[in-house]
Each structure stands twice: as structure tokens, then as C-alpha cells.
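Now for the letters of each chain:
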Amino acid sequence: FKSSSYQRIAALFLVDEAHAGKAKALHDEMKKHHFFLTGKDDIPYAVLLTKKQNNPVKLAQTMRKYYDALHGKGFKNGDALQAMTQLLPLYDEEFQPVLVDYVVAMKQSFLNNGVKVKKRSYPYLALLALVGASSEVVDEIVEMERALVKLPMFIDMQAYALMTAAQYVLKRLIENDMLSDFN
């Protein structure tokens, strides 16, 4: 990998040199499927995904399938959608159409509750889908998002309220050991 701050972040997740080789192979495959979108910022995703899965070609194809499926369901093209589709294969390196439906339903649930879902929130939708967030979890995030947007610090940055609420709820779920398998 070329030297960058993302390389240093990715190094924190490396197991050994063989793992680094698998991550580099996946990153190269990712470039084939998303030539313009894949860059240095995708190195940590490649390292994270190759920790348990071994088939870089299959992983890159699965990411592309998620990307195309979610774009077809109204998600906007770009880096945020790519980040979302790089997280979804953490569930399984095989494409799982149910995850696409789950993410779409979760986005719709937020919209139905009056919460705007911006592109930068896409990766959080993927994380919530991976943990199987229930409607109660979504309701809790919506409630917290509504409280956050009333704070002075979020007046000009309302889009960050959803991300902050999602991070807080995910952290709480992890601390409560509800996500031990995900950890």
C-alpha cells in the first residue's frame, strides 16, 4: 500500500503479513470494480474484511452487487454508498439480498419518522443492519436525534445528529454485550 494515514489506521487491524497480502489483493480487486471510488481511504475496509474472509475476488464482487442493488433502491452513488457496501460483507462474503431489503426498510423507517437520511449516514445504516437493529432501536435513535437537533451545537449541522445518535446506540449495545458476535 502507498503510505498514508489510512495505512496506519489499517495497520492496527492487521494480524500478520499473510493478512496484509490478502488485504492488498482485496484492495486491488476493489479498484477493478470501483475504479474511480476506490482509494487510500478504503485500505482499512480491505484489512477489516480480510481478517475472516479469504476470497478477495468474491468479496469485491459482493460489494459491487450491494452497490448496484442499493443504488437501484434509491441510494445515491458515491463514496458513502461504497463505504456502506464495504461494511455489508462483514455479515457474509456471499451477497445477501435480505440485507439490501433491511437497509432500505431502515432508511424508510427513519424517513417515516421525519429524520432525513443524508449520504454521509449510509455507513451507519449498514452497521445497524449488521447488528439486526430492531424497530425499538430505530425509535431510540430517532428520539435521540430529535433531542440532539435542538442543541445549539447541532443547529447548523443537523445531518450529524443522526450519525451521533446511531454511534451512541451502537456503543451502548456493544457495552451491554448484546453484540458479542459482532465484536
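The coordinates are above.
A brief report on the enclosed structure follows. None of the values given here were measured: they were computed from a predicted structure. (Residues numbered from 1 in each chain as written. Predicted model: local features only at pLDDT ≥ 70, side-chain atom pairs only at ≥ 80, totals over all residues. Heavy atoms only, no water.)

Some points on helix 9 (residues 159–175)
- With 17 residues, helix 9 extends 25 Å from end C-alpha to end C-alpha; this agrees with the ideal 24 Å at 1.5 Å per step.
- Turning to helix 9, its buried residues are Ala159, Ala161, Leu162, Met163, Ala165, Ala166, Val169, Leu170 and Leu173.
- Those residues of helix 9 hidden inside the fold are in contact with helix 6 (97–112), helix 7 (122–130) and helix 8 (135–148). (Helix = DSSP H or I, 4+ residues; strand = E, 2+ residues; numbered from the N terminus. Expected span 1.5 Å × (residues − 1). Buried < 20%, exposed > 50% of the residue type's maximum accessible area, 1.4 Å probe, protein only. Contact = heavy atoms within 4.5 Å.)

Focus on the packing of aromatic side chains
- One pass over the structure, following the stated rule, counts two aromatic pairs.
- Ring geometry for tyrosine 66 versus phenylalanine 95: centroids 4.8 Å apart, planes at 50 degrees, classification tilted. Taken together, the positions of tyrosine 66 in helix 4 (residues 56–72) and phenylalanine 95 in the loop between helix 5 (79–87) and helix 6 put the pair 29 residues apart, joining distant regions of the chain.
- In this structure tyrosine 66 comes out as buried when scored by relative accessible area, which is 0%.
- By relative accessible area, which is 25% here, phenylalanine 95 ends up partly exposed.
- Here the aromatic rings of phenylalanine 75 and tyrosine 122 are separated by 4.9 Å at their centres, their planes lie at 75 degrees, and the arrangement is edge-to-face. Pair noted here: phenylalanine 75 is in the loop between helix 4 and helix 5 and tyrosine 122 is in helix 7, with a separation of 47 residues, a long-range link. The exposure classification of phenylalanine 75 matches that of tyrosine 122, with both residues buried.
- Stacked on the ring of phenylalanine 75, the Lys or Arg lysine 107 has its end atom at 4.4 Å from the ring centre. (Phe/Tyr/Trp six-rings, centres within 6.5 Å; stacked < 30°, edge-to-face > 60°. Lys NZ or Arg CZ within 6 Å of the ring centre and 35° of its normal.)

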